[in-house]
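Chain and residue survey
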Amino acid sequence: MTWIAFGVTWGTVRTITHGIRGGWLPWGNISAGGQHLHHYNFGIGTLAGIGLIAVRGDERAVGHPAVAAAYGAGTALIADEFALLLDLQDVYWAKQGRLSVDVSLGILSVLGAYLTAAPFWHECARATHHHVVSAATHHLKPAR
């Protein structure tokens, strides 16, 4: 759920920012007191809320798919502005802003590879554990 939410949020926010810049969306940037609010601000707020849920310790809430989705969405909002956060300069549309795209695609790739390979590695761990336990049990039997 986290991986899907990350990908959907990242793609959506990229589309919206292009639409705002290109003028083909009917709305503009979000501002408060004349100050532009970058979408990483909303990502940080989302992750702070998820942190509160995690610290609270309610297992039903922590394991809820909505929490996983919110975590993925919040992370995507931050990763999409990684270059801005790295240099503290608004380089979203500059050449340096490409770093945010690379980081986001890297996160998607690594998580996708993990999710694809997880069943394989879990099976390897299970089989290895079984063989180690069997070998240890066989070697610990008293000699006759």
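Below: a short report on this structure. (Residues numbered from 1 in each chain as written. Predicted model: local features only at pLDDT ≥ 70, side-chain atom pairs only at ≥ 80, totals over all residues. Heavy atoms only, no water.)

It is worth spelling out the environment of valine 62 at this point. Within the secondary structure, valine 62 sits in helix H3 (residues 59–62). The class of valine 62 is partly exposed, set by a relative accessible area of 39%. Look past the residues within four positions of valine 62 in its chain and what remains in contact with it is Ile53, Ala54 and Val67. (Helix = DSSP H or I, 4+ residues; strand = E, 2+ residues; numbered from the N terminus. Buried < 20%, exposed > 50% of the residue type's maximum accessible area, 1.4 Å probe, protein only. Contact = heavy atoms within 4.5 Å.)

Another point: the pattern of salt bridges. Tallying each qualifying case throughout the model produces three salt bridges. Among the salt bridges present, the one from arginine 14 reaches aspartate 80, with a minimum N-O distance of 2.6 Å. You can see arginine 14 sitting in helix H1 (residues 2–22) and its partner aspartate 80 sitting in the loop between helix H4 (65–79) and helix H5 (82–87), a full 66 residues away along the chain. As far as the burial class goes, arginine 14 and aspartate 80 line up, both buried. In this structure, arginine 98 and aspartate 102 form a salt bridge, with 2.8 Å as the shortest nitrogen-oxygen distance. On the criterion of helical spacing, the pair formed by arginine 98 and aspartate 102 is a turn pair, its members being four residues apart in helix H6 (residues 98–140). (Salt bridge = Lys/Arg side-chain N within 4 Å of Asp/Glu carboxyl O.)

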